[in-house]
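# Structural overview for review
Now for the letters of each chain:
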Amino acid sequence: MTDRRREEVLIRIEHAGGLATGVSNDVHAETGVPEADVYGVATFYSLLKHPSEIRVCQGLSCHLAGSGEKIDAMSATDTPFLAAACLGRCDEAPASWDPQGENPLPEVHLTAASDELAINLAGVDSLSYEGLAAAQDNGADWVIGELEESGVTGRGGAGFPAHIKWRGVANQPVTERYVVLNADEGEPGTFKDREVILKRPHLVVEGLAIAAQALGANDIYCYVRGEFGAVRDTLEAAMEDATTAGALDTATTWHFVDGHGAYICGEETALLESLEGRRGMPRMKPPFPVEAGFRGAPTLIQNVETIATIPSILTRGGAWFRDLGRTEPGTKLYCVSGHVQRPGVYEAPMGISMAELIDMAGGVVGTLKAFSPGGASSGFLPASMINVALDFGSLQKVGSMLGSAGVVVLNDTVDMAEAALVQAVFFEDESCGQCAPCRIGTQLVRQAIERFRRGDSDALEHIAEIAPGMEQGSICGLGQAASLPLLSAMKYFPNEFESSVHT
Amino acid sequence: MSEQTLTINGVSIDHRPGETILEAARRLDIDIPTLCHDDRIEPVAACRICLVEVEGSRLMQPSCHSKTQPDMVITTESQRVSRNRQFSLSLHMADTVSDRTIAEDANPNRLFELADIHGTAGLWPHVDSPRQGRPMDVNRFIHFREDRCIGCALCTRYCDEIEGVTAITLAHRGALTTISTADELSLTDTTCELCGGCIAVCPTGAMTEKAALAYGKPEKELEKIRTTCNFCGVGCQLDLNVDRDANRIVKVTPPPPGTTVNDGNLCVKGRFANDFIHHKDRLTEPLVRDADGVLRPTSWDEALDRVVEGLQGVVTRHGPHSLGFVSSSRCTGEENYLFQKMSRAAFGTHNVHQCAAT
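Residues take numbers from 1 onward in each chain, read along the sequence in its written order. All chains are assigned letters beginning at A, and all ligands numbers beginning at 1, according to the order in which they are written. With pLDDT at 70 or above as the cut-off, local features in this predicted model cover only qualifying residues; side-chain atom pairs require 80 or more to be listed or tallied, and sums for whole chains, interfaces and linings still use all residues. For the side-chain quantities, the full set of heavy atoms in the structure was used; hydrogens and water were omitted.

Bringing the pattern of salt bridges into the picture now. When the charged atoms of two side chains with opposite charge come close together, those side chains can pair. Criterion for a salt bridge: a side-chain nitrogen of Lys or Arg within 4 Å of a carboxyl oxygen of Asp or Glu. Inspection of every chain in the model, using the stated rule, returns 62 salt bridges over all chains. Between Arg-316 of chain A and Glu-116 of chain A there is a salt bridge, and its shortest N-O distance comes to 3.0 Å. Taken together, the residues Arg-316 of chain A in helix α13 (residues 304–316) and Glu-116 of chain A in the loop between β4 (109–110) and α7 (130–150) connect sequence positions 200 residues apart. In this structure, Arg-296 of chain B and Asp-290 of chain B form a salt bridge, with 2.6 Å as the shortest nitrogen-oxygen distance. Note on exposure labels: buried denotes an accessible area under 20% of the residue type's maximum, exposed denotes more than 50%, and partly exposed covers the range between, all computed with a 1.4 Å probe on protein chains only. The class for Asp-290 of chain B is partly exposed, based on a relative accessible area of 26%. Several salt bridges converge on common partners, so that one network encompasses Asp-91, Glu-107, Arg-194, Glu-195 and Lys-199 of chain A. Every helix listed is a DSSP run of H or I at least four residues long, and every strand listed is a run of E at least two residues long, numbered separately from the N terminus.

This is the structure we're talking about:
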């Protein structure tokens, strides 16, 4: 039994207006959590440490769109701001975000509505909840069987088969169980979960209700990225509408929890730590969350997109979903940003080629040079690989990954060392700092690129030793992937790393 | 004993449920280096130097944290394992003081001790970490040197798990991760009890004794003399760190965990209350007061005779129960026994007390 008072620590700091002298002591008095511990938690999260400064995104897509100039301009006028890691607004690059403002999102380009899409962002969100009704009628075994038949895999980035997680929780002897929605979308180039919740919140609510029903969970926790304020409200409103309409089992308790500005909390065990009121440092696995997750109890954690596929899988059948895919099951939401005509979220058969996806997004602005197929963690691939199938298996074979399918397109004006630096800065900023390979390695990588760009031709000589050490030694995926942008840029664009003379 | 076995470096050993790879390896006298591990504290596998190969596992596993399983095949000596150890040491050295003389200016530095054994992958550029210290901390005893910190969190975990004090914490994140108090307060303004355990567990001397640092002689040049702490009756063992050349006790350190009754722990008195030893006002010989009221040095014989004379005079004039004996909490059990014996048998009164008894 974990200390539940600790779970209130983050929200109490937020309500106190963020970290300031004395806040740790107040929260300690309110919760019994040691004062130093409260301070350690508060300083981990950007939105608690710096609750009011305007954020200017320095993610890759925003960098390509001129965030550097934006930052220079704000510095010149002494406007207070923080250069932030990706804000999840890559479609409106260069993005900024005001923690105290409304931050309206522009309409994003989407795939046209179609019945042959599992999520169908442009479709009509309805309160039918037929999938939930089917789940209630047919029972957990049938639900998990359909998931297995569908072949749906985790859309947050890991690509792990969903049915294994569901069955893993279902088979636990413990009856206290939790369903957690991972809506802490933060991978640079990724803004699909945001759109799923904004456009099809009922798919998410229904998917979660199905999971709770099938797995016997009484509590559903929705952990929504802190910078996504209105997105969380949309989801909560949908849950309330569904409850009012009598579509939901009233025995289930819904909890909506804000993230507080830490990319690493998208890692499922870091998310659990954060839910429990701790610093978002990933846990050691095993045990896996299906066995010992939130409060040490069996927990299903699923990404927004994955959850949103569940209703249509149940209403139209696992086989239908499977057949939607080209190389792997289902359709997939691809976020396209960077040098394309129409940045947006495009739902396409799993395994669509990069060339086709670029066409969907209206073509390249300029001449294609490289692309990053799955967020910062996937590194870069050259234009010559434009026919690669965008699925988990095919990209893994070429040393990259589909990840969250945050596809960033780079044209021939881009300096690859600079692009690698942007990603290196991101990983260094977002490392939790727990394990040495990631904490120190991300600093070494970033500094090496900076030195190289300043004219030190030998600056990258140690990377061949440092990168594999980080990959082998880091606790979680962040550190394991953090040197991939540089390594892949060096591999595919060797001439840009031969001499550090930049013209 | 369990029927099931596992294999480490080709040697079979019985499987004990719940045991870590590190613990099983120790039973075979196989040494696995660690930086962030202490047997008294829950493992976090943060330093990653203890990674070993486990058959069937794509990534190497942290031996401090991974539990053994029946039929596990573990390799702790291989090119891959060795490369990771060297990587790990080079990595940490890039983030801390890389000049050995400076790195060992006060406390021992485990990074260099391990580098002597395992080698490094070379000296990499220094990362110039933005980690913050706590320059406004005015406590007199414990100094945090952020340039030597390797973020292993042994100090914060010791403070939390062993002492139950939680005066210090990991603060901030990533490259900025540092050791802090709440609001960066001085330790003396926190729950800190100044036990100095953070210094004892720190592998790099990032947590260090202020007075010993000012004294300026590295611990490795001091001679350790084991003694029993006499501040209370527990019997904690402590090592006086003595500068023989100057005949001075420079600081006190606890013997390693698992070797003495105090298991590597000390309290504020045992660790820091030693400046009386070389204090100019300390009594170093018996003194008696003459009729003129002035103290003069004398022999023990004369001094004790005076004590006997005085106490017996009180008994003669007012009876034995007019006397009361109070012994110090610094006395050992044996000394306390003798003391009450003296009170009861020699003077005939039960008026005897020991100051730590209430």
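Residue Ala-93 of chain A is joined to Pro-94 of chain A through a cis peptide bond whose omega torsion reads -5°. By the secondary structure assignment, Pro-94 of chain A is in the loop between β2 (81–84) and β3 (96–97). That bond from Lys-285 of chain A to Pro-286 of chain A is cis: its omega, -5°, falls within 30 degrees of zero. When you line up the elements, Pro-286 of chain A lands in the loop between α12 (268–275) and β8 (299–303). Residue Asp-128 of chain B is not a glycine yet carries a positive backbone phi of 50°. Mapped onto the elements of the fold, Asp-128 of chain B is located in the loop between α4 (110–118) and β6 (142–144). For Asp-128 of chain B, a relative accessible area of 58% translates into the label exposed.

Bringing the environment of Cys-476 of chain A into the picture now. Residues and elements named next belong to chain A. Along the chain, the position of Cys-476 falls in the loop between α19 (463–473) and α20 (477–481). Along the primary structure Cys-476 and Cys-435 are separated by 41 residues, whereas in three dimensions their C-alpha atoms are 9.0 Å apart. When neighbours within four sequence positions are excluded, Cys-476 is seen to be in contact with Ile-264, Glu-267 and Pro-282. By definition in these notes, contact holds between two residues if any of their heavy atoms fall within 4.5 Å.

Below, the discussion takes up the side chain of Ser-90 of chain B. With respect to the secondary-structure elements, Ser-90 of chain B resides in helix α2 (residues 79–94). Setting aside residues up to four positions removed in sequence, Ser-90 of chain B forms contacts with Thr-120, Ala-121, Gly-122 and Trp-124 of chain B.

Here we take up the domain arrangement of chain B. Looking at the assigned domains, one finds that chain B contains domain 1 (5–77), domain 2 (222–280) and domain 3 (287–354). Averaged C-alpha coordinates put domain 1 of chain B and domain 2 of chain B at centres separated by 34 Å. Annotation comment: domain bounds sourced from an automatic or database domain assignment.

Quick look at the domain arrangement of chain A now. Residues and elements named next belong to chain A. By domain assignment, chain A separates into domain 1 (4–44), domain 2 (54–106), domain 3 (110–323), domain 4 (330–411) and domain 5 (416–497). The C-alpha centroid of domain 5 is placed 33 Å from the C-alpha centroid of domain 3. At the junction of the two partners, domain 3 supplies 12 residues and domain 5 supplies eight residues. In total, domain 3 and domain 5 occlude about 830 Å² of area from one another, counting both sides; carbon and sulfur atoms represent 75% of this. Applying the counting rule to domain 3 against domain 5 returns zero salt bridges. Under this definition, polar contacts are N or O atom pairs within 3.5 Å; protein pairs additionally need one hydrogen-donor-capable and one acceptor-capable atom, and for neighbouring residues in sequence, both atoms have to be side-chain atoms. Our enumeration of links across domain 3 and domain 5 arrives at two residue pairs in polar contact (both at pLDDT 80 or more). Reported buried area values correspond to the accessible surface (1.4 Å probe) lost by two parts on association, with both partners' losses combined.

Time to look at the interface of chain B and chain A. Across the boundary between the two partners, chain B contributes 45 residues, which contact 49 residues of chain A. Interface area, chain B with chain A, both sides summed: about 3,500 Å², of which 56% is carbon and sulfur. Of all residues in chain B, His-172, Arg-173 and Asp-183 of chain B give up the largest surface area on contact with chain A, accounting jointly for 20% of the area buried on that side. Summed over the shared surface of chain B and chain A, the result is one salt bridge. Glu-430 of chain A is paired through a salt bridge with Arg-173 of chain B; the nearest N and O atoms lie 3.1 Å apart. For the interface between chain B and chain A, the tally reads 18 residue pairs in polar contact (both at pLDDT 80 or more). Taken together, the elements giving at least two residues each to the side of chain B that touches chain A come down to α2 and β7 (169–171) of chain B. If one sorts the elements of the side of chain B that touches chain A by residue count, α2 of chain B sits on top with five residues. Each residue receives one of three labels: charged for Asp, Glu, Lys and Arg, nonpolar for Ala, Val, Leu, Ile, Met, Phe, Trp, Tyr, Cys and Pro, and polar for the others, Gly being one of them. Residue classes in the side of chain B that touches chain A are distributed as 25 nonpolar, 12 polar and eight charged.

All names here are of chain A. As for its placement among the helices and strands, Ile-386 is situated in the loop between β12 (381–382) and α16 (392–397). When its relative accessible area of 23% is taken as the criterion, Ile-386 is described as partly exposed. Non-local contacts of Ile-386, meaning those with residues more than four positions away in its chain, are made with Ser-353, Met-354, Ala-355, Ile-358, Leu-368 and Phe-371.

As a further point, take the packing of aromatic side chains. Note on aromatic pairs: the rings of Phe, Tyr and Trp (six-membered ring only in Trp) are paired at centre separations within 6.5 Å, and the planes decide the class, stacked below 30 degrees, edge-to-face beyond 60, tilted for the rest. Enumeration according to the criterion identifies 13 aromatic pairs over all chains in this entry. Where Trp-254 of chain A meets Phe-256 of chain A, the ring centres are 6.4 Å apart and the plane angle is 15°; that geometry is what we call stacked. Summarising the aromatic geometry, the rings of Phe-325 of chain B and Phe-339 of chain B are spaced 5.8 Å apart at their centres and angled 80° between planes, so their arrangement reads as edge-to-face. Linking Phe-325 of chain B in strand β15 (residues 325–327) with Phe-339 of chain B in helix α10 (residues 333–346), this pair joins segments that are 14 residues apart in sequence. For Phe-325 of chain B, a relative accessible area of 8% corresponds to the buried category. Given a relative accessible area of 21%, Phe-339 of chain B falls into the partly exposed group.

The subject of this paragraph is the environment of Asp-39 of chain B. Looking at the secondary structure, you find Asp-39 of chain B in the loop between α1 (21–27) and β3 (51–54). There is a polar contact of 2.9 Å between the side chain of Asp-39 of chain B and the side chain of Arg-26 of chain B.

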